[in-house]
Structure formats: structure tokens, C-alpha cells
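Coordinates in review
This is what each chain is made of:
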Amino acid sequence: MDIVTAHDRPNTVAEAIEIQETLRGLVDRGDRCPQEIVTVTGLDVAYDEERGLIAAAAVTLEASGFRVVEKRTVVSGISFPYEPGLFAFRELPPLLDALRALEHTPDLLVCDGHGLAHPRRFGLACHVGVVTGLPAIGVGKTRFIGEHDEPGRERGARTPLVDDGEVVGAVVRTQDGVKPVYVSVGHKISLDNACRQVLRLCPAFRQPETTRLADRLCRDALKESL
């Protein structure tokens, strides 16, 4: 997989913020993904802070039936400090290495994290979408920014996630009575479509199948690195 928007790795927090401020203008909030999404790649990372390691996983599934098409993991050293709002600079290097190793380019990327639901409107899903040029969605387990009402308790219920007067995502109930997830646009997809795709990827569990498998893969990769 090619990287279409490369940038230098930042050495400081100020440089990282400057990169976000520069690249956020490239985020496309329109629907540019294929009408029929055939393959979806889930992205996730796991940390071993004691050893200073991060494991990244990219797993591609068929959108119908969730058959695994291919999967890749990368374990590397953590190259950026812990800074809220700048997690992408820790996670993106190994995630991009895992994506580069894929033989097939997916129709959609699903990140365990946020997209526009970010203080600078440039979370991990936006960052990975812009640098790869692919449609991307952020699906967070917890709220990072914004306020919202509680969605209904039935599957598919949703309510806007609003920050500083702007709708930056949606709070979506993926299964009856379970905690909702936080869906936000990353790149080249509308919020309505992002919510539809997330529900499609959550037939039985709270989190998308892509995230569940990527989470397991990166954790296993860390264990194997021991």
C-alpha cells in the first residue's frame, strides 16, 4: 500500500501539533468510498510500556461474512511520548508499516480511536486516512471530547456528539442495552455512512469485528515478542 501524504516524524510536541494543524485541511468529509464496500481493514495497537514497545495490527476482512483476507502485525519501539491528542504520532509509524505489508488495498479503514472527534479535528482516523488516501472511520470506546445526550437503548440508536457547537461525531448503540461507541469521520466518508458501516460491522458485539480481531492480533504479537 502506498503512502500518498508523507511528513517528517516530529521531535517535539510543538512540531506534532504543527503537523496536525497543517494536515487537517486535507480531511475530506464527503462520501468518496466505493458504493459497495467489499473489504475493510481494522487497525489497533497494544503497548508494553515497561519494555517501551508498541504492537500494531492490520487485519482485512470481507465486509460480508467477515472472512479474514489477510493480516499483518508489527512490533517496534515507542517513538513518541505520551501526550493526549497526539497519540497518532506514537501509533501511526507501526500501523503504517503493517498497512504497507498488506497485499490488497481495502475499501475502508476502521481505527480504534477518533477522527474529527479531536480537539484539533485531526485524530488518528483522520491522520491515517489522509496519509494513505483511503476512506477511514474512527470508533472509540470512550469519549475524548464533546457532549451528548444518551442514545436510546435499542441497537442503531444514536445521538450527536457536539464540541464547541460543532457536530464532531455520533454516539451509537451497536447492540441492545450495551454501552454505545463513539463514531467519527476520518476521511472520505460522511458521518451517516460511517454509522451505517459501523453497525454493519457489529452483528453480535459492541465493537466492530475489525477492531475485535485487530485487538487480539496486536496483543498476541506483544506476547510473542517476549
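Residues numbered from 1 in each chain as written. Predicted model: local features only at pLDDT ≥ 70, side-chain atom pairs only at ≥ 80, totals over all residues. Heavy atoms only, no water.

A closer look at the UniProt feature "site: Interaction with target DNA" (unreviewed entry) in the chain
Quick note on the threshold: UniProt positions are given in the numbering used here, feature names are shortened, and annotations may be inferred rather than shown by experiment. A run of H or I in DSSP counts as a helix once it spans at least four residues, and a run of E counts as a strand once it spans at least two, with each numbered from the N terminus. Here the term buried applies to any residue with accessible area under 20% of the maximum for its type, exposed to any over 50%, and partly exposed to those in between, with areas from a 1.4 Å probe on protein chains only. By the convention used here, residues are in contact when the closest approach between their heavy atoms is within 4.5 Å.
When the UniProt feature table is mapped onto this chain, "site: Interaction with target DNA" (unreviewed entry) is found at Tyr82. Along the polypeptide, Tyr82 turns up in the loop between β3 (68–77) and α2 (88–100). For Tyr82, a relative accessible area of 53% corresponds to the exposed category. When sequence neighbours within four positions are dropped, the list of residues in contact with Tyr82 reads Phe87 and Arg90.

Details of the nonpolar core
Cut-off, in case you're wondering: In plain words, nonpolar cores are sets of buried Ala, Val, Leu, Ile, Met, Phe, Trp, Tyr and Cys residues tied together by side-chain atoms within 4.5 Å.
Of all hydrophobic cores here, the largest spans 32 residues; its most connected members are Val40, Leu108, Ile137, Val172, Val183, Ile189 and Val198. Residue assignment for this core shows that the elements contributing at least two residues are α1 (13–23), β4 (108–111), α3 (124–132), β5 (136–140), β7 (166–172), β8 (181–187) and α4 (191–200). Broken down by element, the residue count for this core peaks at five residues, all from α4. With residues near it in sequence (within four places) discarded, Val198 still touches Ile137, Val139, Thr174, Val181, Val183 and Pro208.

Brief notes about the UniProt feature "binding site: Mg(2+)" (unreviewed entry) in the chain
Rule in force here: Cavities and pockets are found on a 1 Å grid laid over the protein atoms alone: a cavity is a set of points where a 1.4 Å probe fits but cannot escape, a pocket is an open set with protein on both sides within 12 Å along at least five of seven lines, and a lining residue has an atom within 4 Å of such a point.
Mapped onto this numbering, the UniProt entry annotates "binding site: Mg(2+)" (unreviewed entry) at Asp44 and Asp112. Taking the farthest pair of C-alpha atoms as the criterion, the annotated set spanning 69 residues converges on one region, since that pair is 5.6 Å apart. Lining the largest pocket, from the residues just named, are Asp44 and Asp112. Structurally, the position occupied by Asp44 is in strand β1 (residues 39–48).

Details of the layout of surface pockets
The following threshold applies: Grid points are joined across faces, edges and corners, and a volume is the space filled by probe spheres set on the points. Put simply, Ala, Val, Leu, Ile, Met, Phe, Trp, Tyr, Cys and Pro go in the nonpolar bin, Asp, Glu, Lys and Arg in the charged bin, and everything else, Gly too, in the polar bin.
In this structure, the largest pocket spans a volume of roughly 710 Å³. Around the largest pocket, the lining is made up of 31 residues, and of these Phe87, Glu91, Asp112, Gly113 and His114 lie nearest the centre. At the level of secondary structure, the elements contributing two or more residues to the lining of the largest pocket comprise β1, α2 and α5 (209–225). Class assignment for the residues of the lining of the largest pocket results in 12 nonpolar, 10 polar and nine charged. Put simply, the second largest pocket is a space of about 260 Å³. In terms of lining, the second largest pocket is formed by 16 residues, of which the most central are His7, Arg9, Leu92, Pro93 and Leu96.

Things to note about α5
Worth spelling out the cut-off: Take the number of residues in a helix, subtract one, and multiply by 1.5 Å to get its expected span.
End to end, α5 covers 24 Å across 17 residues, agreeing with the expected 24 Å (1.5 Å per residue, within 8%). Three or more residues of α5 are buried, namely Glu209, Thr210, Thr211, Ala214, Leu217, Cys218, Ala221 and Leu222. Contact partners of the buried residues in α5: β1, β2 (53–62), β3 and β4.

Concerning the packing of aromatic side chains
As a reminder, the rule being used: Note on aromatic pairs: the rings of Phe, Tyr and Trp (six-membered ring only in Trp) are paired at centre separations within 6.5 Å, and the planes decide the class, stacked below 30 degrees, edge-to-face beyond 60, tilted for the rest. Throughout this description, the term charge over a ring refers to an Arg CZ or Lys NZ atom that lies within 6 Å of the ring centre and within 35 degrees of the ring normal.
Applying the stated criterion across every chain, the model contains two aromatic pairs. Judged by centre distance (5.7 Å) and plane angle (40°), the rings of Phe80 and Phe89 are tilted. Of the two residues examined, Phe80 and Phe89, each falls in the buried class. Judged by centre distance (5.2 Å) and plane angle (50°), the ring pair of Tyr82 and Phe87 falls under tilted. You can call Phe87 partly exposed: its relative accessible area is 34%. The residue whose ring lies beneath Arg212 is Phe205, and the NZ or CZ to ring-centre distance is 3.7 Å.

Remarks on the sheet that holds β5
Condition: Strands are treated as partners if at least two bridges between them are detected by DSSP. To obtain an axis, a line is fitted to C-alpha atoms, over the contacting stretch when the element is a helix, and the angle between two such axes runs from 0 to 180 degrees between their N-to-C directions.
Judged by pairing direction, the sheet is mixed, and its eight strands sit side by side in the order β3-β2-β1-β4-β5-β8-β7-β6 without closing on themselves. Sheet topology places β3 and β6 (158–163) at the edges, where each strand pairs with a single neighbour. Neighbouring strand axes in the sheet, compared pairwise and without regard to direction, differ in orientation by 25° on average. Bridge count between β6 and β7: six bridges; the pairing is antiparallel. Each bridged residue has a counterpart across the sheet, and for Leu161 the counterpart in β7 is Gly169.

Re the environment of Val75
Mapped onto the elements, Val75 comes out in strand β3. Along the backbone, Val75 and Ser190 are 115 residues apart, and their C-alpha atoms lie at a distance of 32 Å.

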